[in-house]
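# A structural walkthrough
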Amino acid sequence: MSMLEIRGLNVNYGDFHAIQDVSMDVEANSVVSLIGANGAGKSTLINAICGVNKIRSGSVTFLGHDITKQKTSKIVSLGLTSSPEGSHCFEKMTIQDNLLQGAYLCRSGKERRKRLDEIYELFPVLKEKSKQLATYLSGGQRQMLAIGRAMMTQPKLLICDEISLGLAPVVIKDIYVQLEKVREKGITLVIVDQDVNRSLTNSDYTYVMLEGRIVMAGESKKMNIDEVNDAYFGINLEKKEA
Amino acid sequence: MLQYLVQGILLGGLYAIIGIGMSMVFGIMRLTNLAHGDLMILSAYLALTFCDLLGGNLLLATLFTIIAMVIIGFLIQAFLVNHVLSKGAEPALLVTFGISVFLANLLHNIFSADYQSLPNSLTNTQVISTDLVSISAIYLFSFVVAILMIVGLHFLMQRTNFGRSIRATSDDDMAAGLTGVNTKRAYVYAMMLSMAVTAVSGVLIGSTYTFNASMGSSYLIIAFGVVVIGGMGSLIGTLLGGIVLGVAQLLGSYFLGTGVQLLVAYLVLLVVLATRPNGLLARATRK
């Protein structure tokens, strides 16, 4: 059984059918890419998995637990969280408080400190700015803070939404290097990105979304970049279906 | 003059206590609690009732009042405010207005319109009484309680895991949820905490002044002034706001006469609003 199993998922935004019959599997200790253009429904899907968006029908199973209708707080306690699109840092809190808040469910102050040191080791720049308010960070640092905060929850599966949005190429490269270290800690990753090439080279398995549906899926190494690009933009889709 | 200044500062402590509960609720869930004054008057009546039942032990009655108000805070947040909070500011505002009207009428029906006061031995005691200044014990006591409560709450909010989770929820509730906070429950805790503070303020108001069922709105206005001057949601600002309002009121009374003292206080409020619309201590953020 996969770590995360999504079956026949449907999500609505009012009357808009945003996610249509999506099924997905994430194996433990893998890196899974989810790609698609703006408005394809990636973030809606992620938020539905995390209990932020309401699910109309279908099921989400994480480590054997049915989390389809669970509260976000409960899902996090099971070991699944995300660093959301737009990073959603706590603006009025210091970097350190942002990170410590990630370990909210951890009862021991000592353990929280230990996790904090681990994150500072992974992202030294956050340590330098630990007493500053999150609102003064740059885009790349905010992304690191969001990832660091999510890691403070000690997730088994971490979903990174829109990992590269609005960031300079050199910063993106840096973040991917750090994600590799996250993976080495035994955390399973789902990475949402818009760059086809980068996603295929940095993941084991790739899902392509278009207009609320999964239109292509496969092992990243075996996928043909041209075919993925076609699926991404919806070119020749009608032909394939026929 | 010195007497008025000292008296104004001490009155500021009492005003700060009136404002704290409201400031917290606003700071945490961006909710202007229009029932704040009536909840305070409710606390005073509860303390009066408990006091009668307990044979005049005001300290014990205060403890019971705090417990009762915490339960009421739970009911208000869990069953009323939480249901409308996600629908924007106005529905929640209307709910608190409804609570305000309901409480004022309920109290009027139960306790009639007669003025009441709590039997507090501090009320008529002077701590210092010289030719230059005299300080009433109840005002000094209120001032000390205000400082203790603000320091205590500040510590709770800034230094504990619980306080951090409340701040996180108020900052970005979606992100707080992703760190494992049950955000609806966090709001319930915040309201319960605010009601505990409101209970204390009700007892102090009831000990310092006489009160009746229809006075909630006048205390709401004072709370509003304090919170706006200090900066909505800032605890330390609440103390500052209280002192500014208290000193303005008593200096106004000294220079212009007792009749216009509240007018002077609200003029100061207007000046602060015009020059620093976010309040004296509100932190500017990018959001």
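Residues numbered from 1 in each chain as written. Chains lettered and ligands numbered in written order. Predicted model: local features only at pLDDT ≥ 70, side-chain atom pairs only at ≥ 80, totals over all residues.

## Description of the overall build of chain A
How we decide: Runs of H or I in DSSP of at least four residues are treated as helices and runs of E of at least two as strands, each being numbered from the N terminus. Exposure in this text rests on C-beta crowding, where 20 or more other C-beta atoms within 10 Å of a residue's own make it buried, 12 or fewer make it exposed, and counts in between make it partly exposed. The C-beta atoms are placed from the backbone. Residue pairs qualify as contacts under a 7 Å threshold applied to their C-beta atoms, which are placed from the backbone.
Helix and strand content of chain A: 10 helices and 10 strands. Seen through its C-alpha atoms, chain A measures out along the principal axes to roughly 60 × 40 × 35 Å. Buried positions account for 43% of the 242 residues belonging to chain A. Long-range contacts, defined here as pairs at least 24 residues apart, represent 67% of the contacts in chain A between residues at least 6 apart.

## Concerning the overall build of chain B
For the record, the criterion: Each radius of gyration reported is based on C-alpha atoms, and the globular scaling rule is 2.2 Å times the count of residues to the power 0.38.
Secondary structure summary: chain B contains 11 helices and 2 strands in total. In chain B, the order of α-helices and β-strands from amino to carboxyl end is α-α-α-α-β-β-α-α-α-α-α-α-α. Its C-alpha atoms give chain B a radius of gyration of 19 Å, near enough to 19 Å, the size a compact globule of 287 residues would have. A principal-axis box enclosing the C-alpha atoms of chain B has dimensions of 60 × 50 × 35 Å. Scored against the burial criterion, the 287 residues of chain B give a buried share of 52%.

## Some points on the interface of chain B and chain A
Counted only if it meets this: Put simply, Ala, Val, Leu, Ile, Met, Phe, Trp, Tyr, Cys and Pro go in the nonpolar bin, Asp, Glu, Lys and Arg in the charged bin, and everything else, Gly too, in the polar bin.
Of the residues lining the interface, 19 residues belong to chain B; the matching set on chain A comes to 25 residues. When contributions to the side of chain B that touches chain A are tallied by element, the ones reaching two or more residues are helix 6 (161–171) and helix 7 (173–177) of chain B. Looking at the side of chain B that touches chain A, the element that brings in the most residues is helix 6 of chain B, giving 6 residues. Tallied by class, the residues present in the side of chain B that touches chain A amount to 5 nonpolar, 7 polar and 7 charged.

## Considerations on the nonpolar core
Residue and element names in this part refer to chain B. Quick reminder of the rule: A set of buried residues qualifies as a nonpolar core if it consists of Ala, Val, Leu, Ile, Met, Phe, Trp, Tyr and Cys joined through C-beta atoms within 7 Å.
Judged by nonpolar contacts, the single largest core of 164 residues is most densely connected at I18, A44 and A190. When residues of this core are assigned to their parent elements, the largest contribution, 14 residues, is made by helix 1 (residues 2–29). Once you skip the residues sitting within four places of it in the chain, A44 turns out to touch L118, G202, V203, I205, G206 and F211.

## Considerations on the packing of helix 9 (residues 216–230) of chain B against helix 11 (residues 261–275) of chain B
Residue and element names in this part refer to chain B. What counts here: Axis definition: a line fitted to C-alpha atoms, limited for helices to the stretch in contact. Angles are taken between N-to-C directions and run from 0 to 180 degrees. Crossing chirality is assigned from the near helix's rotation relative to the far helix, an anticlockwise turn below a right angle marking it left-handed and a clockwise turn marking it right-handed.
Orientation of helix 9 relative to helix 11, taken along the N-to-C sense of each, is 35 degrees, at an axis distance of 9 Å. Our pair here, helix 9 against helix 11, has a crossing hand that is left-handed. Two secondary-structure elements touch here, helix 9 through G225, V228 and I229 and helix 11 through A265, Y266, L269, V272 and L273.

## Digging into the sheet that holds strand 5 (residues 65–66) of chain A
Residue and element names in this part refer to chain A. Rules: Paired strands, in this sense, are two strands between which DSSP finds at least two bridges.
Pairing is antiparallel in the open sheet, where 4 strands are placed in the order 2-1-4-5. Each edge of the open sheet is held by one strand with a lone partner, namely strand 2 (16–26) and strand 5. With 7 bridges connecting them, strand 1 (residues 4–13) and strand 2 associate as antiparallel partners. Counted as the bridge partner of L9 is V22 from strand 2.

## Comments concerning unusual backbone geometry
Residues and elements named next belong to chain A. Backbone geometry at D21 places phi at a positive 50 degrees, although glycine is not the residue there. Residue placement: D21 occurs in strand 2. The exposure class assigned to D21 is partly exposed, which follows from the 14 C-beta atoms found within 10 Å. Located in the positive-phi region is E162, a residue other than glycine, with phi close to 45 degrees.

## Here we look at the packing of helix 1 of chain B against helix 9 of chain B
Residue and element names in this part refer to chain B. Our working rule: Note on angle classes: values under 35 degrees are labelled roughly parallel, values over 145 roughly antiparallel, values of 65 to 115 roughly perpendicular, and the remainder oblique.
In contact at an axis separation of 8 Å, helix 1 and helix 9 are set at 75 degrees when each is read in the N-to-C sense. It follows that helix 1 is roughly perpendicular to helix 9 by the angle criterion. Seen from helix 1, the contacting residues are Y15, A16, I18, G19, M22, S23 and F26; seen from helix 9, they are Y219, I222, A223, V226 and V227. Grouping the constituent residues of the contact of helix 1 with helix 9 by class yields 10 nonpolar, 2 polar and no charged.

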